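Here are the chains, one letter per residue:
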Amino acid sequence: MTTEILIILAVMVAAYIAAKAAKLSVEIAMFAAALAGGLAGAVLKTPPLRELGRHLVEGSITYIDVMLVFFTATFFMTIVDASGGVVYAVRATLRVFGRWRVPALLALMIIVLIPGALTGAGSVSLLVVGAPVAMALGRLGIPPKRVAAILFIVAGLSAAAPPVNIWAMILCAGTAIPYVGFELPLGIPVLVLGTFTVLVLGLKKDKSMPDASAAAAQALPEAPPGMSWWRVLIPFLVFFGLVAAYRIWPFGTPILGLALEFAIAALAALLVSPKRIAFLRLSRDTVKRLLPLLATTVVVGMLQQVMTATGVRGLLSYAVISIPLVLLFILLTVIIPVSEAVLTYGGAAIVGIPLVWYLDSLGLHATVVIAALSFLWALGDGLPPTALIGRMSIMVSDYKDSYGSFLKATWLPWLVITAAAILMIVFSAKLAFLVRWSM
């Protein structure tokens with residue numbers, strides 16, 4: 001049986017490589033791998049061919065709740081952006097903190113963290129706030145290479161930040177672990193590592209660049225007339241109020257779910273917007289922007305279902321638990337980022353689920369382990385062939401040099417984040433109090 005499963009796995013890998021060699025997208029390459037694996041399994045009667053269609057359809061809706069959160073959260077942030085809230089916040093940051101470098105850097109870090117934290121996608125942070133924040137960082141005297149490095153690391157951390165962490169959601173769905181208790185295990189490291197990153201890469205000013213001042217805000221696009229802080233804050237207060245309500249009054253408040261809470265917050269943002277927003281056109285554009293991400297989520301579910309039905313997933317699980325523990329911890333620093341670079345969110349389903357099962361069986365705390373793995377997957381978004389967040393960071397920062405030079409600029413935050421993630425995994429049982437305090 002092991003030989004048959006290895007043949008199926010080899011067919012899936014070959015199909016993926018062939019699709020990528022044909023310059024097809026990652027999503028189509030993963031679908032080709034799932035389909036090829038299912039057909040190879042049908043030849044070996046694992047599962048029968050008549051069951052293949054059912055497995056593909058069932059797999060495609062595995063993460064439908066995650067997709068709903070994707071859309072509603074991104075739509076909410078898109079409305080905030082279209083209303084002028086993002087530009088207003090960035091301009092106000094430079095106007096207030098322009099002469100004080102550290103507060104300005106920290107405020108810009110928070111601005112980048114918010115969209116990704118609310119949507120689960122660092123790419124959304126760059127799409128919504130990347131350009132104005134990159135311009136603001138440039139006005140603080142930071143060269144484009146370090147601007148791109150800051151945006152990449154912080155946008156990656158934003159994808160790992162609570163309340164929406166897609167890697168954690170996929171792992172929780174695949175391991176039957178409730179998606180609760182992640183606020184502090186994710187939130188505290190994100191803030192600490194993000195602060196370290198912006199200070200290490202942004203504290204030193206390039207003397208060849210002009211002095212930063214409050215007047216630098218004038219170079220940014222104008223906020224629409226009537227925009228104010230209360231218009232920016234009300235939608236966020238609505239969202240966080242809904243999240244907090246059923247925790248403060250657990251028996252008197254219905255659990256709405258993140259998707260509905262984001263939809264209500266989006267409605268609030270629409271109502272307080274100082275300018276008219278074309279609701280239908282904006283929703284259509286949001287779906288178009290999210291299509292690759294939604295397609296990835298659908299295909300990841302298909303791939304996971306086929307791998308389970310053919311036994312490939314079980315074989316990979318056995319391979320994981322066969323590695324000596326110390327060697328496994330060392331290999332995680334490479335395996336996890338590379339799985340994200342090759343399979344995007346599929347790495348969480350294929351590599352992460354058996355890994356969490358194994359580490360949990362050893363007495364490590366699963367929730368803290370999942371949080372730690374998220375930081376390693378965030379780094380993988382800067383590695384080829386996908387390098388989604390890395391490529392977008394270069395694009396919005398107007399960096400013109402080689403991609404390798406950009407990656408070298410991230411080496412110190414990269415090493416610190418990697419070390420922090422491994423230490424969180426090793427000492428996860430001692431950090432379990434963070435999960436209890438979050439619940």
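Refer to the preceding data block for the structure.
### A few points about the overall build of the chain
Right, so step 1: Within the chain, the regular secondary structure consists of 21 helices and 0 strands.
Right, so step 2: Its C-alpha atoms put the chain at 70 × 50 × 45 Å along the principal axes.
Right, so step 3: Taking all 439 residues of the chain together, 55% fall into the buried category.
Right, so step 4: For the chain, long-range pairs separated by at least 24 residues make up 81% of all intrachain contacts whose partners lie at least 6 apart in sequence.
Right, so step 5: Accessible surface, the chain as shown: approximately 18600 Å² in total, 72% of it carbon and sulfur.

### Thoughts on a nonpolar patch on the surface
Right, so step 1: On the surface, F31, L35, L39 and L49 cluster together into a nonpolar patch covering about 330 Å² of accessible area.
Right, so step 2: Sort the elements by how many residues they give to the nonpolar patch and helix α2 (residues 26-43) lands first, with 3 residues.
Right, so step 3: By secondary structure assignment, the location of L49 is in helix α3 (residues 49-60).
Right, so step 4: The class of L49 is exposed, set by a relative accessible area of 55%.

### A short note on the pattern of salt bridges
Right, so step 1: In this structure the tally under the stated criterion is 3 salt bridges.
Right, so step 2: For the salt bridge of E51 with R54, the shortest nitrogen-to-oxygen distance reads 2.7 Å. Here R54 and E51 lie together in helix α3, a separation of 3 residues that amounts to about one turn.
Right, so step 3: Exposure remark for R54: the relative accessible area of 39% places this residue in the partly exposed category.
Right, so step 4: Measuring nitrogen to oxygen at the nearest pair gives 2.9 Å for the salt bridge that ties K400 to D398.
Right, so step 5: We classify D398 as partly exposed; its relative accessible area is 48%.
Right, so step 6: Connected via shared salt-bridge partners are E51, R54 and E58.

The rules we used
Residues numbered from 1 in each chain as written. Predicted model: local features only at pLDDT ≥ 70, side-chain atom pairs only at ≥ 80, totals over all residues. Heavy atoms only, no water. Helix = DSSP H or I, 4+ residues; strand = E, 2+ residues; numbered from the N terminus. Buried < 20%, exposed > 50% of the residue type's maximum accessible area, 1.4 Å probe, protein only. Contact = heavy atoms within 4.5 Å. Areas by Shrake-Rupley, 256 points an atom, 1.4 Å probe, with all protein chains shown as cover. Patch = residues over 30% accessible without salt bridge, like charges linked within 9 Å, V, L, I, M, F, W, Y side chains within 5 Å. Salt bridge = Lys/Arg side-chain N within 4 Å of Asp/Glu carboxyl O.

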